[in-house]
Amino acid sequence: RSACAFGLSMIGDLFELIRSDTGKWCASPSTVDIFALAHDVRAIVAPQAIPKSLESVVRTAACTPQDLSAAWTDGHRLRQSLVNVVANSVKFSAEGLIEIELSMPSRDTVAIVVRDCGPGLDETSLEAIFEPFHQSERTAAQSGEGLGLGLAIAERCARLLGGHWTAANRTDRV
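Now for a look at the structure at hand. Being a predicted model, the structure only gives us computed values, none of them experimental. (Residues numbered from 1 in each chain as written. Predicted model: local features only at pLDDT ≥ 70, side-chain atom pairs only at ≥ 80, totals over all residues. Heavy atoms only, no water.)

## Thoughts on the nonpolar core
Ranked by size, the top nonpolar core spans 31 residues in total, and within it L82, V86, I100, L102, I112, V114 and W165 carry the most contacts. Broken down by secondary-structure element, the contributors of at least two residues to this core are α2 (34–49), α3 (75–91), β4 (97–106), β5 (109–115) and α6 (150–160). Apart from the residues lying within four places of it in its own chain, the contact partners of I112 are L78, L82, I100, E101, L102 and W165. (Core = buried A, V, L, I, M, F, W, Y, C linked by side-chain atoms within 4.5 Å. Buried < 20%, exposed > 50% of the residue type's maximum accessible area, 1.4 Å probe, protein only. Helix = DSSP H or I, 4+ residues; strand = E, 2+ residues; numbered from the N terminus. Contact = heavy atoms within 4.5 Å.)

See the structure below:
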């Protein structure tokens, strides 16, 4: 059953990538509670985080949950993007904390930062992390699954919504 679910997930990812490449994606904006959406994402990835004893939290920075309660965006695409990023953090973190930090740098902008305790990436892989089918040697060996599509789909969702994702190694590692 799990092999079938995994296969269907990969097929779904390939179709999403094809649809985004052919311009078949469109945004359907509505009022979205981004604070609640981030908590939903946390719950969606919990089944993968719990066996690894990973803790996950949603935090706000320089704003309140109420400030995030009426954003105008496509909730489906934002959820899809954030699930892919957080699931990637869970996949490559052996222990520690996954943080989803929400802030509002301006009245019309929401910033989402996902921090994890994974091993980080070399500079070449950091530059290519949002390209389809990209996996560094270490991540391909460590994960044992996936095609390298999750972050590419996350980036395409973000661009559709007028945003983007960036990746960086943590500088506060011991």
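## Considering the environment of V114
Residue position: V114 is located in strand β5. Given a relative accessible area of 18%, V114 falls into the buried group. Expressed as a C-alpha distance, the spacing of V114 and E101, which sit 13 residues apart in the sequence, is 6.4 Å. For V114, the contacting residues outside a window of four places in its chain are L82, V85, V86, S89, I98, E99 and W165.

## Regarding the side chain of E99
By the element assignment, E99 lies in strand β4. Under the relative-accessibility criterion, E99 is labelled buried at 13%. For E99, the side chain forms a polar contact with the side chain of R59, separated by 2.4 Å. (Polar contact = N/O pair within 3.5 Å; in protein donor to acceptor, adjacent residues only side chain to side chain.)

## With respect to the pattern of salt bridges
All told, the structure shown has four salt bridges when counted by the stated rule. Two residues, D40 and R79, come together in a salt bridge whose shortest N-O distance is 3.2 Å. In this pair, D40 is assigned in helix α2 and R79 in helix α3, connecting sequence segments 39 residues apart. Overall, D40 belongs to the partly exposed group, its relative accessible area being 38%. Across the pair R107 and D108 runs a salt bridge whose closest N-O atoms are separated by 3.9 Å. With respect to burial, R107 and D108 carry one shared label: exposed. (Salt bridge = Lys/Arg side-chain N within 4 Å of Asp/Glu carboxyl O.)

Everything listed is a geometric property; what it means functionally is a separate question.
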